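# Analysis of the macromolecular model
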Amino acid sequence: MILSRIIRAFIAFFAAVVIATAVACIIGTQFVLAALAGIGVDIPLVDRLATTWHDLINFGFIPSPAFGFSYAMVIGVGLFIAFLVAAALSYFLPRFRTVIYAVAGGMAILAFLGSSYFVFGASMFAFAQTPMGLITQGAAGAVGGWVFAKYSRQETT
Amino acid sequence: MMSRTTFKATFKATLFAVICALMVSGSHSASRAADYTLHTLAEGLAFPWSLAFLPDGDVLVTEREGRLRVIRDGALLPDPVTGVPETYAVGQGGLMDIRLHPDFADNRLVYLSYAHQEGDSLANQLRVARAEYADGALSNLEVIFGSAPMKETPVHFGARLAFMADGKLLITTGDDFIHRERAQLLDNNFGKTIRLNDDGSIPDDNPFIGIEDARPEVWSYGHRNPQGLLVDAESGRVYLHEHGPMGGDELNIIEPGKNYGWPVATYGLDYSGARISPFEERPGMEIPIEYWVPSIAPSGMTLYTGDAFPAWQGDIFVAALANMTVRRLDMDNGAVRDQETLFAEVEERFREVRTGPDGYLYLLTDSQDGRVIQVRPGG
């Protein structure tokens, strides 16, 4: 029983990280391309798709040579810490469990992106240099939180 | 069918031809190599950024932390030059380039580029000031350029200066790292080369004079963080190199009014590994004459025209921070024919390389305990 719950939580966490990373990357790329389009650059659909795929792999899941980590690794660490807090809060507020995990997921990404402002004086990521860019990244984290809440829930009979 | 003897003869002839070809291709670089010795001229400099050779033999060296130092008779004077403007020495900012006016012997004018902070805010800008230099002091300092609008980050200032043959002053500016698309717009000073008269006024033959929404001081655009600039007096070519992000450092020949691509066309990736743009090249945007992937972080350059190293005549030397070497570019009528990596034995980041009036190369190393290294001929 306990082992089953651990395995379920592990799979849910893995899915949450992968989905949050994918959503964050795909959205992030669209912000970068939109900024180029905003100065009059015509970007054909095939280039948009190729760039999105490139970023999904090379930013999302392969560690950057410059940073030494991938976005998935950052999101994974962030979600792990956030979900520990969310688990504690959910214990006392079980009716709001899904919302709590979603908010925790969003806060995890926003905390990371926000911290780069304090360290570097600016966001290291072009897609997070506008309020809307930040908000959508937070939304990707919230999706990850929702996924975890949904798939880690213990079925009751 | 080929006999055994014929096969052996053919094999030997082929081998001989390959060896000859290798020897010929190798002899090009070998014939250009030069013996040299390295001498530390000054040390204990805090992030030296640039230097200028005075007619009386003194050498002025900028320290990024905001001091201007004097090397006299091979020794660093203890007292810095007075009258230097206060600088915003944060991040990559501080006191940066120094250039002498072409008529310095008559007017004693030196030009400085530096970061300036607006009050206590994060807002800052690249400034260029000129002042008269005499006896270890600057006087009559006059700010002749301030980049606009204000920057938000303490990085990507550009800040290189060069005088053209007609006495016009060129200034490079960086893209401020954030909102990099502004380098493509002409209504700002982000990611541009600027061309001014020596008093800071705007020449009436600049390329964007009279164009709506374009700043008249802009000479070229689409740059990221250009920290190398030189004018070849003989050909009139203007060479500029700029830092790429992760890869994509570029060496360009700059012509008025042209677009050098950043961030629409680049060979580099973002530090995160993501693409900056789908395009490496783009119609209407200039292609670099050389680019480096991975980055070497080019941060200063000189065209060697001295007599001390005849084999290096006409070559461009590029100082590299990340690569911790100096690249010698064997030039052929504005094209890079070959390149050689030099001075790796120093094992330090190189901020700047300049040609002295004595024909020696001068290297600045980038550290809290930076050095001025003189490169002399001889084994």
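Look a little higher up for the structure.
Everything in this summary refers to the structure shown in the same document. (Residues numbered from 1 in each chain as written. Chains lettered and ligands numbered in written order. Predicted model: local features only at pLDDT ≥ 70, side-chain atom pairs only at ≥ 80, totals over all residues. Heavy atoms only, no water.)

Glancing now at the environment of Gln339 of chain B. Residue and element names in this part refer to chain B. Here Gln339 lies in strand S21 (residues 335-342). The exposure class assigned to Gln339 is partly exposed, which follows from its relative accessible area of 27%. Placed 108 residues apart in sequence, Gln339 and Val231 show a C-alpha to C-alpha distance of 20 Å. In this structure Gln339 touches Glu290, Trp292, Arg327, Arg328 and Leu329, once residues within four positions along its chain are discounted. Within the local environment of Gln339, its side chain forms a polar contact with the side chain of Trp292, the two groups lying 3.2 Å apart. (Helix = DSSP H or I, 4+ residues; strand = E, 2+ residues; numbered from the N terminus. Buried < 20%, exposed > 50% of the residue type's maximum accessible area, 1.4 Å probe, protein only. Contact = heavy atoms within 4.5 Å. Polar contact = N/O pair within 3.5 Å; in protein donor to acceptor, adjacent residues only side chain to side chain.)

In this section: the sheet that holds strand S13 (residues 218-221) of chain B. Residues and elements named next belong to chain B. Sheet architecture is open: four strands sit in the order S10-S11-S12-S13, paired in antiparallel fashion. Each edge of the open sheet is held by one strand with a lone partner, namely strand S10 (158-163) and S13. The mean inter-strand angle of the sheet, taken between neighbouring strand axes irrespective of direction, is 20°. Pairing analysis gives three bridges linking strand S12 (residues 192-196) to S13, with the strands arranged antiparallel. Each bridged residue has a counterpart across the sheet, and for Thr193 the counterpart in S13 is Ser220. (Pairing = 2+ DSSP bridges. Axes fitted to C-alpha atoms, helices over the stretch in contact; angles between N-to-C directions.)

Take a nonpolar patch on the surface next. Residue and element names in this part refer to chain A. On the surface, a cluster of nonpolar side chains totalling about 840 Å² of accessible area is made up of Leu3, Ile7, Phe10, Ile11, Phe14, Val18, Ile19, Phe61 and Val143. The element contributing the most residues to the nonpolar patch is helix H1 (residues 2-38), with seven residues. Position of Ile7 among the secondary structure elements: in helix H1. (Patch = residues over 30% accessible without salt bridge, like charges linked within 9 Å, V, L, I, M, F, W, Y side chains within 5 Å. Areas by Shrake-Rupley, 256 points an atom, 1.4 Å probe, with all protein chains shown as cover. Salt bridge = Lys/Arg side-chain N within 4 Å of Asp/Glu carboxyl O.)

To continue, consider the interface of chain A and chain B. Across the contact, 27 residues belong to chain A and 23 residues belong to chain B. Taken together, both faces of the contact between chain A and chain B bury some 2000 Å²; the carbon and sulfur share is 69%. Contact with chain B buries area across many residues of chain A, yet Leu36, Ile39 and Gln129 of chain A alone supply 24% of it, more than any other trio. On inspection of chain A and its partner chain B, the count reaches zero salt bridges. (Buried area = accessible area lost by both parts, 1.4 Å probe.)

A few words on the pairing of strand S15 (residues 238-243) of chain B. If a strand is regular, its side chains alternate between the two faces of the sheet. Residue and element names in this part refer to chain B. By the criterion of burial, S15 is predominantly enclosed, with six of the six residues buried. Of the two faces of S15, the one lined by Val238, Leu240 and Glu242 and the one lined by Tyr239, His241 and His243 are each fully buried. Across six bridges, strand S14 (residues 225-231) lies against S15 in antiparallel orientation. Looking at S15, one finds that Gly228 is bridged to His241. In this antiparallel pair of consecutive strands, S14 and S15, the connection spans six residues, and Gly236 shows a positive phi of 85°.

Residue and element names in this part refer to chain B. Within the structure shown, the criterion is met by 22 salt bridges over all chains. Taking the shortest distance from any N to any O, the salt bridge between Asp97 and Arg160 comes out at 3.3 Å. A residue pair is termed long-range when its members are at least 10 positions apart, and Asp97 in strand S6 (residues 95-100) and Arg160 in strand S10 qualify at 63 residues. The same class applies to Asp97 as to Arg160, namely buried. As a salt-bridge pair, Glu217 and Arg215 come within 2.6 Å of each other at their nearest N and O atoms. In this structure Arg215 comes out as partly exposed when scored by relative accessible area, which is 27%. Overlapping salt bridges bring together Asp97, Arg99, Arg160, Glu352 and Arg354 as one network.

All names here are of chain B. Trp262 connects to Pro263 through a cis peptide bond whose omega is -5°. Residue placement: Pro263 occurs in the loop between strand S16 (249-254) and strand S17 (290-292). Pro294 follows Val293 through a cis peptide bond whose omega is 0°. Here Pro294 is to be found in the loop between S17 and strand S18 (298-303). In this structure, Phe47 takes a positive phi of about 50° despite not being glycine. Structurally, Phe47 can be placed in the loop between strand S1 (36-45) and strand S2 (48-53). According to the relative accessible area criterion, Phe47 is buried, its value standing at 19%. The backbone phi angle of Asp135 is positive, close to 50°, even though this residue is not glycine. Assignment of secondary structure puts Asp135 in the loop between strand S8 (124-134) and strand S9 (137-146).

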